[in-house]
Amino acid sequence: MKRTTLSLIAGATALAAVTGFAALTAPDGTAAPEAKATTRLPVERAGLVCPVPSTSEVAETLYTSYTPTGTGSGSAAGKAEPPTALLRTAAGAKPSGGTGKTGRTPKASKAPATVTAPGKPVTAEADGASVPALTGSATGALAPGWTVQQTTVVPAGGARGLLGLGCGVPDTDFWFPAASTAKDRQDYVHLTNPDDTAAVADIELYGPEGLLKSQFTEGIPVPARSTVPVLLSTLTSEAGRKDVTVHVTTRSGRVGAAVAVADDKLGSDWIAPAADPASSAVLPGIPADATSVRLVAFAPGEDDADLKVQLVTASGTIVPAGAGSLHVKSGMTAAADLPDLTRGAVGSLLLTPSDPKKPTPVVAALQVVRGKGANTEIAFIPATAAVSARATVADNRAKGSTLSLTAPGAEARVKVTASAGSAGGTPVSRTVTVKAGTTTVLTDLVPGGLKGSYALTVEPLSGGKVHAARTLALPEDGVPMFTVQTFVDDRGTVEVPSAHQDLGVLD
């Protein structure tokens, strides 16, 4: 991969200090007064964090930064600032006492080449094991819907695979089903603090028998503007658990969180946070040629969950043979293998209460494997909420990108836009109708005259709820490398007092 300065991660904006809030002001610059009625306006500032992409010397990472068109902002054109690299904590450092010795501060990037308008992705490349965690913000017209995709190829070694992750919004509560402390797995939870004050985090691990006996998991300090990778197997004396649910919370401050998985036999990828606990869950975009699919679920409440398991296909919703239900005990992780699940067609998994009168919140994720023997690759699909207004996944390629749209309830209409390419091309849009209880797959929506990579944006138009995922397949040396990213609503707007209410006060 060509080496380019990290400053190009600016993309739609440069990566800079995250503030992570949505701000709005009145036209004269004063704060808008409170009022009972509200309206939605574009956010004026958005923040993201990207974890350390890899510890492999042969890793090749591509960052793609993008802001979709179509949502104006009250500010002038967006502002780009110099990128900021976070301090890096020594890999594998245990969170005991301090958080381990902090590595050197990476050298500052050169002044970035930035984009001044939404609609075109910008990319940056970084190779090797010294790439730091990054933090950034977007302002003005570049803030609504800003996204950064981090895609890493590791062609050889213990972390071999394609690792994809949408850089996350800092928060205080995260769920990660499908993690593991097994001997053949190296699972690290990355805690990244973008702020100028320290954060304090707790990590809870739940196995099939409940909460694992843990040490050094409470009150983990995450220093200001730093990142802490924590190897899960070092946190408990009950190592060797195949199925583990990880719960990350903060006592103070906020962090970005993601779990990096490296399996000695199957490959590697990221586990992104699952949707908040809910009585129903949709896990979209299971590849058609998946050779192994494993469902992992956890019930965080006081009641057990009895789930009905269904596969949503292009022709309708069916019950997988021999795997139509799953019982999840309260406070425990349950798992089920789903053999021959897709049978040559892309599908999505739907979890609902077996008894609609007894809804019980759960969190869930899928571990998916493609290939056989030595040529395998692993990826993870967390349960994801429906797209409420708009969502984008960047870094799509002319070949290898598959978009899955699932309408588990009523029929739905959505607008799907393929952006201009990062190096050229004309954006295209399509209105897609997803029939009730089906999954629709798109592989041919590509910008005209595409050069480089592009972004896919989904916007609901009418009808029922739609859940979406993008699969990126980049086979290498006979290994079917792939990664799956779900579409998470981009929080491009925020509720504010309506103008007519403000004027009414003056009367």
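Residues numbered from 1 in each chain as written. Predicted model: local features only at pLDDT ≥ 70, side-chain atom pairs only at ≥ 80, totals over all residues. Heavy atoms only, no water.

1. Some points on the overall build of the protein chain
Let me state the cut-off plainly: Secondary structure elements are taken from DSSP: a helix is a run of H or I of four residues or more, a strand is a run of E of two residues or more, and numbering for both begins at the N terminus. For each residue, the accessible area found with a 1.4 Å probe, counting protein chains only, is set against the maximum for its type, and the residue is called buried under 20%, exposed over 50%, and partly exposed in between. Contacts are assigned to residue pairs with any non-hydrogen atoms lying within 4.5 Å of each other.
A tally of regular secondary structure across the protein chain gives one helix and 38 strands. Out of the 507 residues belonging to the protein chain, those deemed buried represent 54%. Contacts spanning at least 24 positions in sequence make up 82% of the contacts within the protein chain whose residues lie at least 6 apart.

2. Section: the pattern of salt bridges
This is how it is decided: Salt bridge, as used here, is a side-chain nitrogen of Lys or Arg placed within 4 Å of a carboxyl oxygen of Asp or Glu.
Taken as a whole, this structure holds 13 salt bridges when the rule is applied. The residue Glu 218 makes a salt bridge to Arg 251 at a minimum N-O spacing of 3.8 Å. Taken together, the residues span a long stretch of sequence, with Glu 218 in the loop between strand S13 (210-211) and strand S14 (220-222) and Arg 251 in strand S16 (residues 244-252) at a distance of 33 residues. Each member of the pair, Glu 218 as well as Arg 251, is classed as exposed. For Arg 397, the salt bridge goes to Asp 395, with nearest N and O atoms at 2.7 Å. On the accessibility criterion, Asp 395 (0% relative accessible area) is buried. Connected through shared salt-bridge partners, Asp 202, Glu 218 and Arg 251 make up one network.

3. Remarks on the nonpolar core
Rules: To qualify as a nonpolar core, a set must consist of buried Ala, Val, Leu, Ile, Met, Phe, Trp, Tyr and Cys residues joined through side-chain atoms within 4.5 Å.
Formed by 32 residues in total, the largest nonpolar core has its most connected members in Leu 283, Ile 286, Leu 295, Leu 349, Leu 351 and Leu 366. The contacts of Leu 349, once residues within four sequence positions are left out, are Ala 281, Val 282, Leu 283, Ile 286, Leu 295, Val 309, Gln 310, Leu 311, Leu 338, Leu 341 and Leu 366. Counting residues in each nonpolar core, the second largest holds 30 residues, with Leu 191, Leu 235, Val 244 and Val 369 among its members.

4. A few points about the sheet that holds strand S3 (residues 60-66)
Note the cut-off: Here the rule is simple: two strands pair whenever DSSP picks up at least two bridges between them. Every angle, taken between N-to-C directions, lies between 0 and 180 degrees, and every axis is a line fitted to C-alpha atoms, over only the stretch in contact when it is a helix.
One open sheet accounts for four strands, arranged S6-S3-S8-S9; its pairing is antiparallel. The open sheet is flanked by strand S6 (122-127) and strand S9 (161-166), the only strands paired with a single partner. Pairwise comparison of adjacent strand axes, ignoring direction, gives a mean angle of 15° for this sheet. Pairing of strand S8 (residues 147-154) with S9 involves six bridges; the strand directions are antiparallel. Along S9, the bridge assignment pairs Gln 150 with Leu 165.

5. Examining the packing of aromatic side chains
For clarity, the threshold we go by: Note on ring pairs: Phe, Tyr and Trp rings are taken, using the six-membered ring of Trp, and paired if centres are within 6.5 Å. Classes follow the plane angle, with under 30 degrees stacked, over 60 edge-to-face and the rest tilted. Geometrically, a charge over a ring is one whose NZ (Lys) or CZ (Arg) sits within 6 Å of the ring centre while staying within 35 degrees of the ring normal.
One pass over the full model with this rule turns up three aromatic pairs. On the numbers, 6.3 Å between centres and 15° between planes, the contact of Phe 174 with Phe 176 is stacked. You'll find Phe 174 and Phe 176 in the same group, each marked buried. Taken together through their ring pairs, the aromatic side chains of Trp 175, Tyr 206 and Phe 298 make up a single cluster. The cationic tip of Arg 370 hangs over the ring face of Phe 482; the distance from NZ or CZ to the ring centre is 5.2 Å.

6. So, the pairing of strand S15 (residues 226-231)
The buried fraction of S15 is high, at six of six residues. Side-chain alternation along S15 places Ser 226, Val 228 and Val 230 on one buried face and Thr 227, Pro 229 and Leu 231 on a second face that is also buried. Direction of pairing for strand S11 (residues 185-193) relative to S15: antiparallel, over a ladder of six bridges. Opposite Asn 193, over in S15, you have Ser 226 as the bridge partner.

7. Section: the state of the cysteines
Using the following cut-off: The disulfide criterion used throughout: a pair of cysteine sulfur atoms within 2.5 Å.
Counting across every chain of the model gives one disulfide. Note on cysteine connectivity: Cys 50 is disulfide-linked to Cys 167, with sulfurs 2.1 Å apart. One quick way to see it: the torsion about the S-S bond of Cys 50 and Cys 167 is about 105°, and its sign makes the bridge right-handed. You can see Cys 50 sitting in strand S2 (residues 45-50) and its partner Cys 167 sitting in the loop between S9 and strand S10 (173-179), a full 117 residues away along the chain. Each member of the pair, Cys 50 as well as Cys 167, is classed as buried.

8. Brief notes about the sheet that holds strand S27 (residues 375-382)
Reading across from one edge, S24-S20-S26-S27 is the order of the four strands in this open sheet, with antiparallel pairing throughout. Either end of the sheet is taken by a strand with one partner, and the two such strands are strand S24 (333-337) and S27. Strand-to-strand twist of the sheet, defined as the mean angle between neighbouring strand axes without regard to direction, takes the value 20°. Of the pairings in the sheet, the one linking strand S20 (residues 290-298) to S24 comprises five bridges and is antiparallel in character. Across the sheet, Ala 297 pairs through a bridge with Ala 334, a residue of S24.

9. Observations concerning the side chain of Asp 187
By secondary structure assignment, the location of Asp 187 is in strand S11. Excluding anything up to four places from it in sequence, Asp 187 contacts Ala 179, Ser 180, Val 230, Leu 231, Leu 232, Val 259, Ala 260, Val 261 and Ala 262.

10. Quick notes on the pairing of strand S19 (residues 281-286)
Look at any regular strand and the pattern is simple: side chains alternate between the two faces of the sheet. Burial of S19 is extensive: six of the six residues sit out of reach of the surface. Where S19 meets strand S25 (residues 347-353), four bridges bridge the pair, whose relative direction is antiparallel. Of the residues in S25, the one forming a bridge with Leu 283 is Leu 349.

11. Regarding the side chain of Thr 471
Position of Thr 471 relative to the elements: it lies in strand S36 (residues 467-473). Apart from the residues within four sequence positions on either side, Thr 471 is in contact with Gly 285, Gly 400, Ser 401, Thr 402, Phe 482, Thr 483 and Val 484.

12. Some details on the confidence of the model for the protein chain
Keep in mind that low pLDDT regions are not for reading the predicted coordinates in detail. Here is the rule: What pLDDT expresses is the predictor's confidence in each residue, scored from 0 to 100.
Of the residues in the protein chain, 82% have a pLDDT of 70 or more, and the chain-wide mean is 85. Confidence over residues 1-35 falls short of pLDDT 50; this stretch has 117 contacts with residues more than four positions distant or in other chains. This stretch, residues 501-507, has a pLDDT under 50; its non-local contacts, to residues over four places away or in other chains, come to six contacts.

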